[in-house]
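# What the coordinates show
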Amino acid sequence: MSVIPRIVVLGGGFAGLTLCTKLDALAAEGRAQVTLVERTPSTGVGGLTQFVLKRQVHASDVPMKYGGGAALRCSNVRFLCDEVTEVNVKARWVRTRSETLNYDYLAIATGATFAPEVVPGLAASAYNICSLQDTLQFRDALDRFQGGRIVMSIPQFPYKCPPAPQEFILIVETLLREAGNGLREKTDLVFTTEADGPIPMTPFFKKRFEDYGIRIVAFAPVEEVKADKKMLVFGTGRDGNRAKPMSFDLLMAAFPLAAPSAFQNLCDASRLIPSDPRSMRTEWDGVWALGDCARMMLASGPMHPKAGGFAVVQAEALAQNIEALVRSGGKSDAGAENLGISKCDAEVGNNEAATVSINLMGGPTMMFELGPVTEEAVEDKLQWIRDSVEVWFKKKPKF
Ligand SMILES: Cc1cc2nc3c(=O)[nH]c(=O)nc-3n(C[C@H](O)[C@H](O)[C@H](O)COP(=O)(O)OP(=O)(O)OC[C@H]3O[C@@H](n4cnc5c(N)ncnc54)[C@H](O)[C@@H]3O)c2cc1C
């Protein structure tokens, strides 16, 4: 270990920015040298695309510029706008396009990119709801839409933000109704998922979908999308059945995930980096993986879901541990754990939302509690994103 420990954080999203903001004091005291590596000049905060779809937030207001690091509150952290191309966890270095960084502690928080190739035909046929660009294109297509079938699909797990696909189709339902001219009546809305129904709170969303006439096709992993025929072909579901192929006029999807390509040597078959859900430790000394790039299996069975709220609580716990390690000369961490406790406001259509309280590890299964359905909760969701951004950036967001 070097005299002043070198902490390298990869990725300036929910997890990386939270971690660097918390570690800034340590860097200010000269107790550690902290470097944040981020490949893009601005962050596009997840969770805003729903608001762009509804024209509540302007697309050009979504990116928050890092300003080469000058826009960030963690002013004692070195910001390197560069892409990581290689990581060597044995020799303890990270290579970017311009430099090689040696580290004592490495936090991998690069989020996940998409692996549409897992489902042949998906990229050519579907709008990716996690992409701002695709959301804008889908919004244009919806403006021109005269009726037919719109499908929202979760082809395969894992994907980003468990409630997002449910939110999208419920928002589309509202937009079609508000468009008038009987457009809603001329449209068949279908939600397909590999799971047993809408998540996270199945009974509530099931009822909501029923109330708004949205058909659910559950246990339906997508095997292939026939782009020329505009047809979804399903594989055998967990219930042992295979849903019938389904045609569509417009297809939205939550694309399957993969850690960015530079990290694939650290991944397992899930295409993500295995790490412990509580400590976020990987199998390599001094290396943690957190947020969307990590594959954390919960004791109750499923994979830890991916959301900004979870990335933040993981980063907060890890910051405590890294700080304790630095202050103790590498002897002990603070024993802080990710408990998987978070909250989010999920849109439920009709311009309403509900607060979902989530506890992933407090019992034998994940626990969800749903707050009242109100219009105010939609604004709360936007405010949560604004508040998150203000923790990391000096400037207020424009949205
Ligand atoms: C449509 C949508 C709605 C959502 N809604 C919500 C919500 O309401 N609430 C919620 O909690 N979450 C929501 N999420 C999920 C949330 O955005 C993600 O879970 C969260 O961003 C994950 O944080 P992260 O830090 O792991 O990754 P990210 O925030 O994706 O950040 C990763 C960063 O790493 C950088 N990077 C990647 N590869 C490299 C490389 N090779 N070199 C250098 N830098 C690299 C990327 O450019 C990126 O800036 C939503 C997501 C989507 C897509």
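Residues numbered from 1 in each chain as written. Predicted model: local features only at pLDDT ≥ 70, side-chain atom pairs only at ≥ 80, totals over all residues.

### Overview of the overall build of the protein
- Scanning the protein for helices and strands turns up eight helices and 25 strands.
- Taken against the 2.2 N^0.38 rule, which gives 21 Å for 399 residues, the C-alpha radius of gyration of the protein at 21 Å falls within 12% of a compact globule.
- Overall size of the protein, expressed as C-alpha extent along the three principal axes, is 70 × 45 × 40 Å.
- A separation threshold of at least 6 residues defines the contact pool for the protein, and within that pool the share at least 24 residues apart is 64%. (Helix = DSSP H or I, 4+ residues; strand = E, 2+ residues; numbered from the N terminus. Rg over C-alpha atoms; globule rule 2.2 N^0.38 Å. Contact = placed C-beta atoms within 7 Å.)

### What about the site of the ligand?
- Residues in close proximity to the ligand total 35 residues, the closest being Gly-11, Gly-13, Gly-46, Gly-111 and Gly-291.
- If you list the elements that add at least two residues to the shell around the ligand, you get helix 1 (14–28), strand 2 (33–38) and helix 7 (308–327).
- In terms of residue class, the shell around the ligand is built from 15 nonpolar, 14 polar and six charged.
- Mapped onto the domain boundaries, the shell around the ligand takes at least three residues apiece from domain 1 (6–112 + 259–338 + 388–392) and domain 2 (115–256). (Near = placed C-beta within 6 Å. Nonpolar A, V, L, I, M, F, W, Y, C, P; charged D, E, K, R; others polar. Domains from an automatic or database assignment.)

### Notes on the environment of Ile-341
- Residue position: Ile-341 is located in strand 23 (residues 341–349).
- By the C-beta count within 10 Å, which is 15 here, Ile-341 ends up partly exposed.
- Considered as a pair, Ile-341 and Ile-358 are 17 residues apart in the sequence and their alpha carbons are 5.6 Å apart.
- Filtering out sequence-adjacent residues up to four positions away, Ile-341 remains in contact with Val-313, Ile-358 and Asn-359. (Buried ≥ 20, exposed ≤ 12 C-beta atoms within 10 Å, placed from the backbone.)

### What about the environment of Pro-221?
- Its location among the elements puts Pro-221 in the loop between strand 14 (214–217) and strand 15 (222–226).
- Counting along the chain gives 43 residues from Pro-221 to Gln-264, while the straight-line C-alpha distance between them is 24 Å.
- Filtering out sequence-adjacent residues up to four positions away, Pro-221 remains in contact with Pro-155, Gln-156, Glu-194, Phe-234, Gly-235 and Gly-237.

### Observations regarding the sheet that holds strand 12 (residues 148–154)
- On the basis of which strands lie adjacent, the open sheet formed by five strands has the order 11-18-12-13-14 and parallel pairing. The open sheet has two edge strands, strand 11 (127–128) and strand 14, and neither has a second partner.
- Bridge analysis of strand 12 against strand 18 (residues 250–253) gives four bridges, and the strand direction is parallel. Bridged to Ser-153 within strand 18 is Ala-253. (Pairing = 2+ DSSP bridges.)

### Looking at the domain arrangement of the protein
- You can read the domains of the protein as domain 1 (6–112 + 259–338 + 388–392) and domain 2 (115–256).
- Its C-alpha centre places domain 1 at a distance of 31 Å from the equivalent point of domain 2.
- With 16 residues of domain 1 in contact, the opposing surface of domain 2 contributes 13 residues.

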